[in-house]
Amino acid sequence: FSRLTSRSNPIRKELSTHLLIAQGYDWTELRQPPSVVNLGLKFIDDIQRVVSRELGKINLISQERVTLPSWRGKIPVAIRNGTGYRVRVSVRLDGDNFIFPTGDAKSVDLLPKENLFSFPVETKTTEPSPLKISIKSGDRIIDQAEIMVNPTSFNRTIFFIALAVILGLTLFLVGKRVISSRG
């Protein structure tokens, strides 16, 4: 939690105090009865509960599909920070059919309320492909979602097939006109 927040954050200060108390000699002394040791563990449980509650206030704003204007574009990622204070997290994109020109992860500062970031991507296919978006703090996943990314409907293969058909039809019509004008 200390990686996520600034030193002046009051929750961070309170959790640090609880951690120091939980690690205190009175709780860890080997000759203490279990009831006393369990009191120290309650401080640790409280820390975990507060951290989980606070991280639960950070969410991806759901979207199901993104359509790119071509085989490359930017993926918009919207994140809601309901904590009421600035939080630093890592946002990671993962998909087999994508290239991430500036990297697949970046560290971002989330201000309270809604935040919008964009990530450049290039597709390896013209087909819709799944892309996983994760918000992380260290190894802990705070939230994640999967979206479908559609490259624009412009498909190079279809374009060249259509062009060949048009050229073939044009040659056929020109040839027919030449033959009918002779005969």
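Since the structure is predicted, the reported quantities are computational estimates derived from the model, not experimental observations.

Our focus in this paragraph is the overall build of the chain. Each helix and strand counted, the chain has 4 helices and 9 strands in total. Walking the chain from its N terminus toward its C terminus, one meets helices and strands in the order α-α-α-β-β-β-β-β-β-β-β-β-α. Out of the 183 residues in the chain, the part that is buried amounts to 29%. Entry remark: accessible area of the chain is about 12200 Å², with carbon and sulfur atoms responsible for 56%.

Turning our attention to the nonpolar core. By size, the foremost hydrophobic cluster in this structure holds 31 residues, and its most contacted members are Ile75, Val77 and Ile79. In this view, Ile79 contacts Ile58, Asn59, Leu60, Ile61, Val91, Leu110, Lys113, Glu114, Asn115, Phe117 and Ile135; residues no more than four positions away in its chain are not counted.

Let's shift gears to the pairing of strand S8 (residues 129-137). Here 5 bridges tie strand S4 (residues 87-94) to S8, and the two strands are oriented antiparallel to one another. In the sheet register, Val91 faces S8, and the bridge partner there is Ile135. Sheet topology places S8 next to strand S9 (residues 140-150); 9 bridges connect them, and they run antiparallel. By the bridge assignment for S9, Ser137 is matched with Arg140. With antiparallel pairing between neighbouring strands as the criterion, S8 and S9 make up a hairpin whose turn holds 2 residues, including Gly138 at a positive phi of roughly 65°.

This part covers the environment of Gly84. By secondary structure assignment, the location of Gly84 is in the loop between strand S3 (72-81) and S4. For the pair Gly84 and Lys57, spaced 27 residues apart in the sequence, the C-alpha separation amounts to 9.3 Å.

Spatial strand order, S1-S3-S7-S5: 4 strands in an open sheet with antiparallel pairing. Pairing within the sheet leaves two strands with one partner each, and these edge strands are strand S1 (58-60) and strand S5 (98-99).

Here we come to the packing of aromatic side chains. The full count for this structure, using the stated rule, is 1 aromatic pair. Across the ring face of Phe119, the terminal group of Lys106 is positioned such that the distance to the ring centre comes to 4.5 Å.

Let's shift gears to the pattern of salt bridges. One pass over the structure, following the stated rule, counts 6 salt bridges. Among the ionic pairs, Arg49 bridges to Asp46, the shortest N-O distance being 2.5 Å. Residue Arg49 and its partner Asp46 are both found in helix H3 (residues 34-55); the two are separated by 3 residues, about one turn of the helix. We note a salt bridge from Glu114 to Arg80, for which the minimum N-O separation is 3.8 Å. Of this pair, Glu114 sits in strand S7 (residues 113-123) while Arg80 is found in strand S3, placing the two residues 34 residues apart along the sequence. What makes Glu114 exposed here is its relative accessible area of 56%. One connected set of salt bridges, linked through shared partners, spans Arg53, Glu54 and Lys57.

Analysis parameters
Residues numbered from 1 in each chain as written. Predicted model: local features only at pLDDT ≥ 70, side-chain atom pairs only at ≥ 80, totals over all residues. Heavy atoms only, no water. Helix = DSSP H or I, 4+ residues; strand = E, 2+ residues; numbered from the N terminus. Buried < 20%, exposed > 50% of the residue type's maximum accessible area, 1.4 Å probe, protein only. Areas by Shrake-Rupley, 256 points an atom, 1.4 Å probe, with all protein chains shown as cover. Core = buried A, V, L, I, M, F, W, Y, C linked by side-chain atoms within 4.5 Å. Contact = heavy atoms within 4.5 Å. Pairing = 2+ DSSP bridges. Phe/Tyr/Trp six-rings, centres within 6.5 Å; stacked < 30°, edge-to-face > 60°. Lys NZ or Arg CZ within 6 Å of the ring centre and 35° of its normal. Salt bridge = Lys/Arg side-chain N within 4 Å of Asp/Glu carboxyl O.

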